[in-house]
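# Residue-level structural notes
Here's the letter readout for the chains.
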Amino acid sequence: MRNLIISAALVAASLFGVTAQAAEAPAAPYVELANPVPVAEPGKIEVVELFWYGCPHCYAFEPVINPWVEKLPSDVNFVRIPAMFGGPWDAHGQMFLTLEAMGVEHKVHNAVFNAIQKEHKKLTDKNDMADFLATQGVDKDKFLATFDSFAIKGQIVKARELAKKYEITGVPTMIVNGKYRFDIGSAGGAEEALKLADQLVAKERAATKAAAN
C-alpha cells in the first residue's frame, strides 16, 4: 500500500511538473494569421511594414529599418503600407500613396517624416502638403492631380483591406509573407524585430525549397 501511495505521489508530481513547464513556456513573438494574405509579387518573400507618418515609434524605427531594407537579398520584396484609421492617418496615408504613385516617395520619405515629427507640421491638408513637397522638388500641380485621382482612391481601398486582413491594431507592425504578424513590442525591440523578420524570411525560404524538391 505504501508503495502505491509513493507511486501515485510521483505520478502527480510528474504531471504537475509538465503542467508547470507548459504554463511557463514563452509565447511566440509573432502571430500566425489564420488566413494568409497573398503577396504583391508572387515568387518573392514579402516583408511589409505598416506605418503612419504621425507615429513617433515609426519615426524612431526609421534609422533602424532603412539600412536593413537596403541589404535585403533579391528574393525578398519590402513593402510599406500606410495604416489608415481615420483623420490624419487617412490624410498622411493618401499623401504616401500619391508620392509612391508618382515614383518620388523614396526621395522625400525622410523629409516628410521630419516635417511632421520634428518641425510639427500637420500636413493634413492637400494644399499644405503640395506646398511643402514643392520645397522638396515635387511638382505641385502633378501632386494635387494625382492625389485626387481614381487610381489613388483604388490604392486607398487596397491599403485598408490589407490592414483589415492583417488584423493590425497599431503601428509599426510587420508582416512576413502574408503569414506572420509582429511588432516592436512583441519582438522585444527594434533590432529584435528585424532579427525576427530575418528568421521568418529564412523559414519561408526553407519551406519554398522543401516544396520544390
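The structure we're discussing is the one just above.
Parameters at a glance
- Residues numbered from 1 in each chain as written.
- Predicted model: local features only at pLDDT ≥ 70, side-chain atom pairs only at ≥ 80, totals over all residues.
- Heavy atoms only, no water.
- Axes fitted to C-alpha atoms, helices over the stretch in contact; angles between N-to-C directions.
- Helix = DSSP H or I, 4+ residues; strand = E, 2+ residues; numbered from the N terminus.
- Parallel < 35°, antiparallel > 145°, perpendicular 65-115°, else oblique.
- Left-handed = near helix turned anticlockwise from the far one by under 90°.
- Contact = heavy atoms within 4.5 Å.
- Nonpolar A, V, L, I, M, F, W, Y, C, P; charged D, E, K, R; others polar.
- Salt bridge = Lys/Arg side-chain N within 4 Å of Asp/Glu carboxyl O.
- Buried < 20%, exposed > 50% of the residue type's maximum accessible area, 1.4 Å probe, protein only.
- Pairing = 2+ DSSP bridges.
- Expected span 1.5 Å × (residues − 1).

With that settled, consider the packing of helix α3 (residues 88–102) against helix α7 (residues 150–166). A packed helix pair is summarised by two numbers, namely the angle formed by the two axes and the spacing between the axes. Closest axis-to-axis distance for the α3/α7 pair is 10 Å, and the angle between their directions is 120°. Of the possible angle classes, the one that applies to α3 and α7 is oblique. The hand of the α3/α7 crossing is right-handed. Here D90, Q94, L97, T98 and A101 of α3 come into contact with α7, specifically with I152, Q155, I156 and R160. Looking at the contact of α3 with α7 residue by residue, the class counts come to 4 nonpolar, 3 polar and 2 charged.

Our next topic: the pattern of salt bridges. Applying the stated criterion to the full structure yields 9 salt bridges. Between K44 and E41 there is a salt bridge; the shortest N-O distance is 4.0 Å. Using a relative accessible area of 33% as the deciding quantity, one classes K44 as partly exposed. We note a salt bridge from R80 to E62, for which the minimum N-O separation is 3.2 Å. Of this pair, R80 sits in strand β3 (residues 76–82) while E62 is found in helix α2 (residues 56–70), placing the two residues 18 residues apart along the sequence. R80 sits in the buried class, given a relative accessible area of 14%. The exposure class of E62 is buried, given its relative accessible area of 5%. Here the residues in one salt-bridge network are E49, E62 and R80, joined through shared partners.

Once that is clear, we can look at the sheet that holds strand β1 (residues 31–32). In spatial order, the strands read β1-β5-β4-β2-β3; together these 5 strands make up an open sheet with mixed pairing. At either margin of the open sheet sits one strand with a lone partner, and together these are β1 and β3. Summarising the sheet, strand β4 (residues 173–176) and strand β5 (residues 180–183) pair through 4 bridges and their orientation is antiparallel. The partner of V176 across the bridge, within β5, is Y180. Lying on the sheet, helix α9 (residues 190–212) is in contact with β2 (45–51), β3, β4 and β5; it crosses β5 at an angle near 170°.

What follows deals with α7. Along an α-helix, residues three or four positions apart point the same way, because every turn accommodates 3.6 residues. Between the first and last C-alpha of α7 there are 25 Å, a value that for 17 residues agrees with the 24 Å anticipated at 1.5 Å per step. Structurally, α7 contributes buried residues whose contacts are with β2, β3, α3, α6 (140–147), β4 and β5.

Moving on: the packing of α3 against α6. Remark: α3 packs on α6, axes separated minimally by 9 Å, with the N-to-C direction vectors making an angle of 115°. Seen from above, α3 lies across α6 with right-handed handedness. For the pair α3 and α6, the contacting residues are A91, Q94, M95, T98, L99, A101 and M102 in the first and K142, F143, T146 and F147 in the second.

Honestly, that's just the spatial picture; any functional story needs more than this.
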